[in-house]
Amino acid sequence: MADPKALYQEVILDHNRKPRNYGTLADASHHADGHNPLCGDHITLALRLDDGKVGAIAFEGESCAICKASASMLTTNVKGKTRDEAEVLIREFRDMATGKLDVASQPHHLGRLTVFGGVRDLPTRVKCAILPWHTLHAALNSAGSTSTEAEQDPMQAPIDRKSTRLNSSHRCISYAVFCLKKK
Ligand code: ZN
């Protein structure tokens, strides 16, 4: 088996060079913004549910390498999954990153996402890796009932609640910020 640290670096580099599903989604049914003030990560995630499954998903934004790689891998892993299956991945990824789930000894569905297991030893990077997953959770719950689980989730706190409850005007502001930052 490959050295986990080397694999981690290789995956991060690869997904930064070629982020998968990077961009906007014109016909999104769900979307949310995620912001990690600790690092300055800011991503927008959009997806379309087709018959209860994630038919299309895209992200964009300004973020550090870990956040970007995590978001990129999120999109490839969540595509084709049902909302419930996606929520399982969100929970397992968060538990792995915060050290609650030991992927070596406990059952999980994370597959290659386990390359992020090492961030639990890097407290300042945990939120960078988790941000895309919290944003996905917010997006999946953006068009429908609110989740009490999200309200009670302490890890949800760093994310600005206003920006996870997107409306169209806020979305325009986010894109404007991205445009300014890029140039
Ligand atoms: Zn970051």
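A few points on the structure. Because the structure is predicted, anything quoted here is derived from the model rather than measured. (Residues numbered from 1 in each chain as written. Predicted model: local features only at pLDDT ≥ 70, side-chain atom pairs only at ≥ 80, totals over all residues. Heavy atoms only, no water.)

Brief notes about the overall build of the protein
At step 1: The secondary structure content of the protein amounts to seven helices and three strands.
At step 2: Order of helices (α) and strands (β) in the protein, N terminus to C terminus: α-β-β-β-α-α-α-α-α-α.
At step 3: Scored against the burial criterion, the 183 residues of the protein give a buried share of 44%.
At step 4: Excluding contacts between residues fewer than 6 apart, the proportion of contacts in the protein whose partners are at least 24 apart in sequence is 61%.
At step 5: With an accessible surface of roughly 9,300 Å², the protein has 54% of that area assigned to carbon and sulfur atoms. (Helix = DSSP H or I, 4+ residues; strand = E, 2+ residues; numbered from the N terminus. Buried < 20%, exposed > 50% of the residue type's maximum accessible area, 1.4 Å probe, protein only. Contact = heavy atoms within 4.5 Å. Areas by Shrake-Rupley, 256 points an atom, 1.4 Å probe, with all protein chains shown as cover.)

Regarding the sheet that holds strand β2 (residues 41-50)
At step 1: Spatial ordering of the open sheet is given by β1-β2-β3, a layout of three strands whose pairing is antiparallel. Two strands close off the open sheet at either side, each with one partner strand: β1 (30-36) and β3 (53-62). Going across the sheet, the axis of each strand differs from the next one's by a mean of 15°, ignoring polarity.
At step 2: Sheet topology note: the β1/β2 ladder contains seven bridges and is antiparallel. Looking at β2, one finds that H30 is bridged to L47.
At step 3: The strands that helix α2 (residues 65-78) touches are β2 and β3; relative to β3, the one it contacts most, it runs at about 170°.
At step 4: Packing against the sheet, helix α4 (residues 123-140) makes contact with β1, β2 and β3, and its axis sits at approximately 150° to β1. (Pairing = 2+ DSSP bridges. Axes fitted to C-alpha atoms, helices over the stretch in contact; angles between N-to-C directions.)

Section: the coordination of the zinc ion
At step 1: Coordination of the zinc ion by the protein comes from C39 (SG), D41 (OD), D41 (OD), C64 (SG) and C128 (SG), over a distance range of 2.2 to 2.6 Å.
At step 2: Sequence positions of the residues that donate to the zinc ion give the spacing C-x1-D-x22-C-x63-C. Here C64 is found in the loop between β3 and α2, whereas its partner C128 is found in helix α4, with 64 residues between them in sequence. (Donors = N, O, S within 2.8 Å, 3.2 Å for Na, K, Ca; no water.)

Notes on the packing of aromatic side chains
At step 1: If you walk through the whole model with that rule in mind, you get four aromatic pairs.
At step 2: Their ring planes at 55° and their centres at 5.6 Å tell us that F93 and F116 sit as a pair that is tilted. Of this pair, F93 sits in helix α3 (residues 83-97) while F116 sits in the loop between α3 and α4, placing them 23 residues apart in sequence. Accessibility assignment for this pair places F93 and F116 in one class, buried.
At step 3: On the numbers, 4.7 Å between centres and 15° between planes, the contact of F93 with W133 is stacked. You can see F93 sitting in helix α3 and its partner W133 sitting in helix α4, a full 40 residues away along the chain.
At step 4: Relative accessible area serves as the criterion here: at 0%, F93 is assigned to the buried category.
At step 5: Here W133 falls in the buried class, since its relative accessible area comes to 0%.
At step 6: Cluster of aromatic residues (ring-pair linked, three or more members): Y8, F93, F116 and W133. (Phe/Tyr/Trp six-rings, centres within 6.5 Å; stacked < 30°, edge-to-face > 60°.)

Thoughts on helix α1 (residues 4-17)
At step 1: Its 14 residues give α1 an end-to-end C-alpha distance of 20 Å, which sits within 8% of 20 Å, the value for a rise of 1.5 Å per residue.
At step 2: Residues of α1 that are buried include every one of Y8, V11, I12 and H15, and no others. The arc that holds every buried residue of α1, seen down its axis, measures 100°, which confines them to one face. Relative to its buried face, α1 has exposed residues pointing more than 90 degrees away, namely Q9, E10, L13 and R17. (Expected span 1.5 Å × (residues − 1). Arc of directions from axis to C-beta.)

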